[in-house]
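Spelled out from the first residue to the last, the chains are:
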Amino acid sequence: AQTVTQSQPEMSVQEAETVTLSCTYDTSESDYYLFWYKQPPSRQMILVIRQEAYKQQNATENRFSVNFQKAAKSFSLKISDSQLGDAAMYFCAYRARRRTGTYKYIFGTGTRLKVLA
Amino acid sequence: DVKVTQSSRYLVKRTGEKVFLECVQDMDHENMFWYRQDPGLGLRLIYFSYDVKMKEKGDIPEGYSVSREKKERFSLILESASTNQTSMYLCASSFDGIQPQHFGDGTRLSIL
């Protein structure tokens, strides 16, 4: 069964510094998608970044980038130049194919990021 | 922009009541999802629907049912609410299995 593990329940980073959030997953599929979602306090969950497993190049979105290690089944999120607005719960997610041929998303337990001024 | 609207941000119900949580999306998405979010457990899929009147059970369907009579609307039903169903409920939609999900604001449901 596919699983997603976020081993850091909470992390802190100083404003303007860089922080890396960890995510590992388990799958027997070769083609899949990985996502990082951000959930600010009392606000809507939004997509931060997406990675296609068949692409070797790591995805980047402005200050957000991933380190995708397919063999190690690792998908970490790096936030550069951290800002107060980055404070949120971050969820790693994996898109899995179901036996029926449809898809579902499997989420990790989340990492709460605090940004210190 | 895609908008996913959940009918209530906060809801308080009593044990044994039948509870309806409504979700509407405005982008003609095929797929809609209901999740439950609990501290330390992340998001767990309750049900999802990949077309009108089509549904599949997620990881924790017990005690819940769903209805999708129209493409834009996906309802979660607690048949007989219990205190262990107190939680944050998130609705999401996506165009297909590849595109990312878009989430609603969530409904914080308390069962007393």
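The rules behind each value
Residues numbered from 1 in each chain as written. Chains lettered and ligands numbered in written order. Predicted model: local features only at pLDDT ≥ 70, side-chain atom pairs only at ≥ 80, totals over all residues. Heavy atoms only, no water. Disulfide = S-S within 2.5 Å. Helix = DSSP H or I, 4+ residues; strand = E, 2+ residues; numbered from the N terminus. Buried < 20%, exposed > 50% of the residue type's maximum accessible area, 1.4 Å probe, protein only. Contact = heavy atoms within 4.5 Å. Buried area = accessible area lost by both parts, 1.4 Å probe. Salt bridge = Lys/Arg side-chain N within 4 Å of Asp/Glu carboxyl O. Polar contact = N/O pair within 3.5 Å; in protein donor to acceptor, adjacent residues only side chain to side chain. Nonpolar A, V, L, I, M, F, W, Y, C, P; charged D, E, K, R; others polar. 1 Å grid on protein atoms, 1.4 Å probe; cavity = no way out; pocket = protein on both sides within 12 Å on 5 of 7 lines; lining within 4 Å. Points joined across faces, edges and corners; volume = space filled by probe spheres on them. pLDDT = per-residue confidence, 0-100. Phe/Tyr/Trp six-rings, centres within 6.5 Å; stacked < 30°, edge-to-face > 60°.

1. Topic: the state of the cysteines
All names here are of chain A. Going through the model one piece at a time under the given rule, you end up with two disulfides over all chains. Two residues share a disulfide in this structure: Cys23 and Cys92, whose sulfurs sit 2.0 Å from each other. Disulfide Cys23-Cys92: torsion about the S-S bond near -70 degrees, hence left-handed. Of this pair, Cys23 sits in the loop between strand S3 (19–21) and strand S4 (24–26) while Cys92 sits in strand S10 (residues 88–97), and the two are 69 residues apart along the sequence. For the pair shown, Cys23 and Cys92 are each scored as buried.

2. Let's talk about the interface of chain B and chain A
In this assembly, 25 residues from chain B lie in contact with 20 residues from chain A. The contact between chain B and chain A buries some 1900 Å² in all, and 51% of this surface belongs to carbon and sulfur atoms. Here chain B is connected to chain A by zero salt bridges. Where chain B touches chain A, the interface holds five residue pairs in polar contact (both at pLDDT 80 or more). Listing elements by their share of the side of chain B that touches chain A, those giving two or more residues are strand S4 (31–38), strand S5 (42–51) and strand S6 (54–57) of chain B. Partitioning the side of chain B that touches chain A into residue classes produces twelve nonpolar, seven polar and six charged.

3. Comments concerning the layout of surface pockets
As a volume, the largest pocket reaches approximately 530 Å³. In this structure, the largest pocket is lined by 29 residues; those nearest its centre are Gln39(A), Arg112(A), Gln37(B), Met88(B) and Arg108(B). Secondary structure elements with two or more residues in the lining of the largest pocket: S4, strand S9 (87–94) and strand S11 (107–111) of chain B. Among the elements that make up the lining of the largest pocket, the one with the highest residue count is S9(B) (three residues).

4. Notes on the confidence of the model for chain A
In this model, chain A carries an average pLDDT of 92, and 100% of its residues clear a pLDDT of 70 or more. Within chain A, the element-level pLDDT minimum falls on strand S11 (residues 103–107) of chain A, averaging 87, and the maximum on S3(A), averaging 98.

5. Quick look at the pattern of salt bridges
Taken as a whole and judged by the stated rule, the model has eleven salt bridges over all chains. A salt bridge links Glu10(A) to Lys114(A); the shortest N-O distance between them is 3.4 Å. Of this pair, Glu10(A) sits in strand S2 (residues 10–14) while Lys114(A) sits in strand S12 (residues 111–116), and the two are 104 residues apart along the sequence. Using a relative accessible area of 46% as the deciding quantity, one classes Glu10(A) as partly exposed. Note on Lys114(A): relative accessible area 39%, which makes it partly exposed. Note that Lys53(B) and Glu69(B) form a salt bridge whose closest N and O atoms lie 3.7 Å from each other. Residue Lys53(B) is located in the loop between S5 and S6, and its partner Glu69(B) is located in strand S7 (residues 64–70); the two are separated by 16 residues in the primary sequence. Each member of the pair, Lys53(B) as well as Glu69(B), is classed as exposed.

6. Topic: the packing of aromatic side chains
Inspection of the entire model under this criterion finds 18 aromatic pairs over all chains. Arranged with centres 5.9 Å apart and planes meeting at 80 degrees, the rings of Tyr105(A) and Phe33(B) form a pair that is edge-to-face. One end of the pair, Tyr105(A), is in strand S11; the other, Phe33(B), is in strand S4, on a second chain. Comparing Tyr105(A) with Phe33(B), the two get one shared label, buried.

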